[in-house]
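# Inside the fold
Now for the letters of each chain:
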Amino acid sequence: MLRFQTAGESHGQCLTAWVSGLPLGVPVDLAFINRELRRRQAGYGRGGRMKIEQDQVQILSGVRHGQTIGAPITLQIENKDWSHWEDALPVEDAPGAAEKQRRLTQPRPGHADLAGALKFNLKDARYIVERASARETAARVAAGALAKLFLRPFGLEVLSHTVAIGSHRLERQAGWEEVVAACEETDAEIRCVDPQLSGAMKKLIDHAIAARDSLGGVFEVLAHNVPPGLGSHAHWDERLDARLAQALMSIQAVKAVEIGTGVTNAAAFGSQVHDEIGYDPARRRFTRASNHAGGLEGGITNGEDVIVRGYLKPISTLRRPLPSVDLETKQPVKAAYERSDVCVVPAAGVISEAMVALVLAAAVREKFGGDTLEEALRSFSAYQQQLEEF
Ligand SMILES: Cc1cc2nc3c(=O)[nH]c(=O)nc-3n(C[C@H](O)[C@H](O)[C@H](O)COP(=O)(O)O)c2cc1C
């Protein structure tokens, strides 16, 4: 079973991810993992923190001589900002440490501050902020990069693009090649397939910065060359659409998930929505006239691109803070402000690629098994032959 977890706080020493269940023999390319980490840090509208951190992965276990060894993998990313926070958040208590702590007593609406403070009976939300922060997603991206490296020999690729920033929205479906082109620039500021729209999106972000406000938006993840038959219709928790929805919804600030054109489908007639089935004898495969289902029917991949969208709320920390109440005095105050991003849609797309890759990698492991990559690929080839002979 492919599993992963992360640990680490926003301003702690480091973030770590633990990944278990990859077979032996997956080539591990550190430069690729670091490139993915850089993609997560990029994007127009990011705050000062991303200038401090230049994420680099270290692998502490499970990889030797450039390949997985079939043992749990530990990934580590240092927080450069730790040097500024060591006094405020020391691991061991020391005399005077409490005074240096950077308390957060003015909870920000939209953040975990108040809910977490109530849950743990804390009058200071600092520890809550530290773990709720999306800095944690650097570890997910590193784990997701391993999943992408595992999926590569199966021909399966995962990328994302920006569909909307605030009210500026791409009103058509982008094709795989367009998305590949938009992703070619590692530090792409918006990663939208329409350059004119990208310009308008940047202007809207400039407006939000000037107004000391924030923005959300929509990203779309595409998985290409996905074989039919991943996931299952048999149990609620094996349905791949449900697993993808949880994976995306778990990302900080994602508040809705859409599979294919699921949202607009709800307002259409069935005849306008369901993807007509054809057969191409030359390619010996079934074809679809459209892909409104986003590559998933009955919780099983159907051989078309898997398409998933995530809807992000606007960032909660505002330079023009909203009214709040102090946790200690219960007096009205303005919510706390800490250095913050203004818009993170392109970065959230990269994080979602990682999450989709991890879910697909788990589904590939379930279907094709194998203790070694070679064994898994043999089983995959046999399945491809079965499909051709269908
Ligand atoms: C890549 C990324 C970066 C984020 N950066 C910030 C930030 O700088 N400031 C902020 O207030 N929220 C930021 N968020 C969102 C918060 O982490 C999130 O809204 C908060 O933890 C509450 O969780 P929830 O929105 O899922 O309920 C970011 C989210 C993502 C995905």
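Located above this text is the structure these notes cover.
Residues numbered from 1 in each chain as written. Predicted model: local features only at pLDDT ≥ 70, side-chain atom pairs only at ≥ 80, totals over all residues.

Another aspect to go through is helix α10 (residues 240–249). Most of α10 is tucked away: seven of the ten residues are buried. Taken together, the buried positions of α10 are Leu-240, Asp-241, Arg-243, Leu-244, Ala-245, Ala-247 and Leu-248. Where α10 is buried, its residues contact β11 (254–259), β14 (296–297), β15 (300–301), β16 (306–312) and α13 (345–368). (Buried ≥ 20, exposed ≤ 12 C-beta atoms within 10 Å, placed from the backbone. Helix = DSSP H or I, 4+ residues; strand = E, 2+ residues; numbered from the N terminus. Contact = placed C-beta atoms within 7 Å.)

Moving on, we come to the site of the ligand. Near the ligand lie 21 residues; those nearest to it are Ala-134, Gln-252, Thr-317, Ser-340 and Asp-341. Here the shell around the ligand gets three residues from one element, more than from any other, and that element is α13. Taken together, the residues of the shell around the ligand break down into ten nonpolar, nine polar and two charged. (Near = placed C-beta within 6 Å. Nonpolar A, V, L, I, M, F, W, Y, C, P; charged D, E, K, R; others polar.)

Let us now look at the environment of Val-163. In this fold, Val-163 is placed in strand β8 (residues 157–165). Judged by the 25 C-beta atoms lying within 10 Å of it, Val-163 falls in the buried class. Each C-alpha atom of the pair Val-163 and Lys-51 lies 25 Å from the other, and the pair is 112 residues apart in sequence.

Note: strand β1 (residues 3–7) against strand β2 (residues 14–20), five bridges, orientation antiparallel. Of the residues in β2, the one forming a bridge with Ala-7 is Thr-16. In this structure, the hairpin formed by β1 and β2 is closed by a connection of six residues, where Gly-8 is found at a positive phi of approximately 125 degrees. (Pairing = 2+ DSSP bridges.)

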